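If you want the building blocks of each chain, they are given just below.
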Number of protein chains: 4
Amino acid sequence: MKDVRIIVTGGTIDKVHDMASEGLAFSPDGATHIPEMLRIGRCDFPTVSLLMLKDSLYFDDADRDAIARAVAAAPEPALVVTHGTGTMGRTARFLQGVAPDKCVVLTGAMRPFSLYASDGEFNLGGAVVAAQLLAPGVWGVMNGRVFPAERLNKNTEQGRFDV
Amino acid sequence: MKDVRIIVTGGTIDKVHDMASEGLAFSPDGATHIPEMLRIGRCDFPTVSLLMLKDSLYFDDADRDAIARAVAAAPEPALVVTHGTGTMGRTARFLQGVAPDKCVVLTGAMRPFSLYASDGEFNLGGAVVAAQLLAPGVWGVMNGRVFPAERLNKNTEQGRFDV
Amino acid sequence: MKDVRIIVTGGTIDKVHDMASEGLAFSPDGATHIPEMLRIGRCDFPTVSLLMLKDSLYFDDADRDAIARAVAAAPEPALVVTHGTGTMGRTARFLQGVAPDKCVVLTGAMRPFSLYASDGEFNLGGAVVAAQLLAPGVWGVMNGRVFPAERLNKNTEQGRFDV
Amino acid sequence: MKDVRIIVTGGTIDKVHDMASEGLAFSPDGATHIPEMLRIGRCDFPTVSLLMLKDSLYFDDADRDAIARAVAAAPEPALVVTHGTGTMGRTARFLQGVAPDKCVVLTGAMRPFSLYASDGEFNLGGAVVAAQLLAPGVWGVMNGRVFPAERLNKNTEQGRFDV
């Protein structure tokens, strides 16, 4: 059984309904929902690191560098990175080669966990398992499918990640 | 990308609250929740077969034979069997050797999907991914971990599947 | 026991998460959630009329005229109007005198029903009861309180209707 | 605006899923869900008193005496008593005359709040409003209807309170 670390970077999976704007935002208290998702999934072994809470459409190279450093520094062989869907593929390709001995799996959601009926738990459950089973490298796990970094692309029209 | 079939046998994952008894039961209309769970997970590719809706504590050899026949008959190389947690390990061991070229993954939940805040989506997301990644054989995927059939055992005290 | 009609005009209570914009919108199929809310509340007697699905911030006089006509035409003595919170007070005052023999209760929600953990069910339950108990006139019921039309005002800062 | 106190006695509204028995039970930590229900309903003014957490089918005269004493001792003019549906009518009739100047409203749920999609919020929202509007006396508010104590009876077949 491999140790797993989840590195939280934000994205829709971690957003909440903001009553004032009637849009989505991150919690004003800066909290992530990943620990509660693991508790509901009765999955008690991953270590969770909150790196940032950002919409991946606004990621710049400094953000991706920070993720790369967190991936390189993590002692675990199996890493899950929660991430916005907008630029998940781009970050996956950015991370290639950063930690050649580790299995890095990006995941996220199209609907926030905090709105219920979210794809977040299904995706996170897949990513945690995939990070323990896949070979070292960078992968995406979304909607029941596994994608190598170079083929991780959002189908914006369908709202899912497709082959 | 492998084709995946989900064979539904019941278990807690598919139970509903029964108002009269204040306990859990299967839907009076005989329906399974797995298609709705896939829809929420935005996972549109698995084929779902409803084989039975039973509490696995009441499974007998005829029930396990029926599952074995469904596993052997399925044309897909990757199978997920939703199953009660009570005797999941026993059924896994019963299925060993039934379809040596297929990857068979058993999963389920400690809390029904229909009660929300269920581990069912996390587990199902893990099982669908694992069925595509694991070698042929019989496995269990629960709470973020992958177990070979011979080591698939419920920790009744903790309410999870442990190493 | 009085007959109750619910006239649906839209507002946050009936919005859904829109994946493309990451904001709130009405269902593309033009459906209202009020019947499902009644089903969950096990409240089977109100008649539901879908008049429009609009954000009340964009209501004009033609919209308020349409509501007034629906209120005047309804055969029931007790009416609930679901409405956006933004201009609920203004519509309440517009409706004064339109149907002097009827009890008209406006209600809505700060968080959509479809996002769960919504105040919509609590508010709707209060409005359906209040419409049967209050004297003829125009009222608002929000967050456990009853307001006459002239004192129905949203506390934007607190996100509730206050005394 | 009247002050409102909610006296919690248990019942289905406050039960949780018990994984070991696969039935319903009260929280092992003895907590009530009423404050969370009020928070979701954005209703911040009632005072909540946790008197007991019991299934009303097992209430005896000592339990009903304890409720009567709590009703008589409460300083507020408007009281809501959360209660199991099984003997709600019997307790309502027991409470008649105990506090002739107060309005006492019993309510509860057919499905626990903690299982989501519960009638609890709809019922509680109705009860909090009714306690402020009704005349002194003992009433039940369930499923959108208001019943005087002498006519408060569960329709066990339909799973609701009917006229």
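Keep in mind that what you see is a predicted model, and the values were worked out from it rather than measured.

Draft legend 1. How the structure looks around the pairing of strand S7 (residues 137-142) of chain A. All names here are of chain A. Judged by how many residues are buried, S7 sits mostly within the fold: 5 of 6 residues are covered. What joins strand S6 (residues 103-107) to S7 is helix H4 (residues 120-133), and the crossover it makes is left-handed. Across 4 bridges, the pairing between S7 and strand S8 (residues 145-148) is antiparallel. Pairing of Val141 across the sheet is with Val146, part of S8. Here S7 folds back onto S8, and the loop between the two strands holds 2 residues, one of which, Asn143, carries a positive phi near 55°.

Draft legend 2. Seen up close, the interface of chain B and chain A. The interface is formed by 35 residues belonging to chain B together with 36 residues belonging to chain A. Contact between chain B and chain A buries roughly 3100 Å² in total, counting both sides, with carbon and sulfur atoms accounting for 65%. If you sort the residues of chain B by the area they bury against chain A, Met1(B), Arg42(B) and Phe122(B) come out on top, with a joint share of 25%. Applying the counting criterion to the chain B and chain A interface returns 2 salt bridges. Here chain B is connected to chain A by 16 residue pairs in polar contact (both at pLDDT 80 or more). Elements represented by at least two residues in the side of chain B that touches chain A include exactly helix H1 (34-40), helix H4 (120-133) and strand S8 (145-148) of chain B. A per-element tally of the side of chain B that touches chain A places H4(B) first, with 11 residues.

Draft legend 3. Representation of the side chain of Asn143(B). Structurally, Asn143(B) can be placed in the loop between strand S7 (137-142) and S8. With a relative accessible area of 2%, Asn143(B) lands in the buried category. Among the polar contacts made by the side chain of Asn143(B), one reaches the main-chain amide nitrogen of Phe161(B) at a distance of 3.2 Å. Excluding residues within four positions of it along the chain, Asn143(B) makes contact with Gly41(A), Arg42(A), Cys43(A), Phe45(A), Asp119(B), Phe122(B), Asn123(B), Arg160(B) and Phe161(B).

Draft legend 4. The arrangement of the sheet that holds strand S1 (residues 4-10) of chain C in detail. All names here are of chain C. On the basis of which strands lie adjacent, the open sheet formed by 6 strands has the order S4-S1-S5-S6-S7-S8 and mixed pairing. The open sheet has two edge strands with one neighbour each: strand S4 (47-54) and strand S8 (145-148). Each strand axis lies, on average, 25° off the axis of its neighbour in the sheet, ignoring direction. Examined bridge by bridge, strand S5 (residues 78-82) and strand S6 (residues 103-107) share 5 bridges and lie parallel to one another. Note on S6: the bridge partner recorded for Val80 is Val105.

Draft legend 5. How the structure looks around the sheet that holds S6(A). Residues and elements named next belong to chain A. Here 6 strands make up an open sheet; going across it, the order is S4-S1-S5-S6-S7-S8 and the pairing mixed. Looking at which strands have only one partner, the edges of the open sheet turn out to be strand S4 (47-54) and S8. Sheet twist, expressed as the mean angle between neighbouring strand axes with direction ignored, is 25°. The pairing of strand S1 (residues 4-10) with S4 spans 5 bridges and is parallel.

Draft legend 6. Layout of the relation of the copies chain B and chain A. With an axial shift of 0.0 Å and an RMSD of 0.0 Å, the rotation relating chain B to chain A amounts to 180°. Taken together, the turn and the small shift mark the pair as related by a two-fold rotation axis. When each C-alpha of chain B is compared by its distance to the rotation axis, Gly126(B) comes out closest, at 1.9 Å. Of all interface residues in chain B, 100% are interface residues in chain A too; the two copies therefore contact each other through one and the same surface.

Draft legend 7. How the structure looks around unusual backbone geometry. For Ala117(A), which is not glycine, the phi torsion reads 45° and is therefore positive. Along the chain, Ala117(A) turns up in the loop between S6 and H4.

Draft legend 8. View of the pattern of salt bridges. Applying the stated criterion across every chain, the model contains 25 salt bridges over all chains. Linking Arg160(B) and Asp44(A) is a salt bridge whose minimum nitrogen-to-oxygen distance equals 3.9 Å. Linking Arg160(B) in strand S10 (residues 160-161) with Asp44(A) in the loop between helix H1 (34-40) and S4, this pair reaches from one chain into another. Counted as one network, the salt bridges with shared partners bring together Lys15(A), Asp55(A) and Glu22(C).

Draft legend 9. Focus on the UniProt feature "domain: L-asparaginase N-terminal" (unreviewed entry) in chain A. The UniProt feature table records "domain: L-asparaginase N-terminal" (unreviewed entry) at residues 4-157 of chain A. For residues 4-157 of chain A, the helix share is 27%, the strand share is 28%, and the end-to-end C-alpha distance is 33 Å.

Draft legend 10. Summary view of helix H4 (residues 120-133) of chain C. Here H4(C) is 14 residues long and its end C-alpha atoms lie 20 Å apart, about the 20 Å a rise of 1.5 Å per residue gives. Within H4(C), 13 of the 14 residues are buried, which leaves the element mostly enclosed by the surrounding structure.

Draft legend 11. Broad picture of the packing of aromatic side chains. Under the counting rule described, the total for this entry stands at 4 aromatic pairs over all chains. Note on Tyr116(B) and Tyr116(D): the rings are 5.0 Å apart at their centroids and 35° apart in plane angle, and the pair reads as tilted. Of this pair, Tyr116(B) sits in the loop between strand S6 (103-107) and H4 while Tyr116(D) sits in the loop between strand S6 (103-107) and helix H4 (120-133), each in a different chain. A relative accessible area of 24% places Tyr116(D) in the partly exposed class. Through successive ring pairs, a cluster of aromatic residues spans Tyr116(A), Tyr116(B), Tyr116(C) and Tyr116(D).

Draft legend 12. Just the packing of helix H2 (residues 61-73) of chain A against helix H3 (residues 88-95) of chain A, in detail. All names here are of chain A. Two elements in contact, H2 and H3, have axes separated by 10 Å at closest approach and are oriented at 55°. The angle between H2 and H3 places the two elements in the oblique class. Note on packing geometry: the crossing formed by H2 with H3 is right-handed. Within the contact between the two elements, H2 uses Asp61, Arg64, Asp65, Ile67, Ala68 and Val71 and H3 uses Arg90, Thr91, Phe94 and Leu95. Here the contact of H2 with H3 is composed, by residue class, of 5 nonpolar, 1 polar and 4 charged.

Conventions we followed
- Residues numbered from 1 in each chain as written.
- Chains lettered and ligands numbered in written order.
- Predicted model: local features only at pLDDT ≥ 70, side-chain atom pairs only at ≥ 80, totals over all residues.
- Heavy atoms only, no water.
- Buried < 20%, exposed > 50% of the residue type's maximum accessible area, 1.4 Å probe, protein only.
- Helix = DSSP H or I, 4+ residues; strand = E, 2+ residues; numbered from the N terminus.
- Right-handed = clockwise from strand over helix to strand, strands pointing away.
- Pairing = 2+ DSSP bridges.
- Contact = heavy atoms within 4.5 Å.
- Buried area = accessible area lost by both parts, 1.4 Å probe.
- Salt bridge = Lys/Arg side-chain N within 4 Å of Asp/Glu carboxyl O.
- Polar contact = N/O pair within 3.5 Å; in protein donor to acceptor, adjacent residues only side chain to side chain.
- Axes fitted to C-alpha atoms, helices over the stretch in contact; angles between N-to-C directions.
- Least-squares fit on C-alpha atoms with pLDDT ≥ 70 in both.
- UniProt positions renumbered as here; feature names shortened; annotations may be inferred.
- Expected span 1.5 Å × (residues − 1).
- Phe/Tyr/Trp six-rings, centres within 6.5 Å; stacked < 30°, edge-to-face > 60°.
- Parallel < 35°, antiparallel > 145°, perpendicular 65-115°, else oblique.
- Left-handed = near helix turned anticlockwise from the far one by under 90°.
- Nonpolar A, V, L, I, M, F, W, Y, C, P; charged D, E, K, R; others polar.

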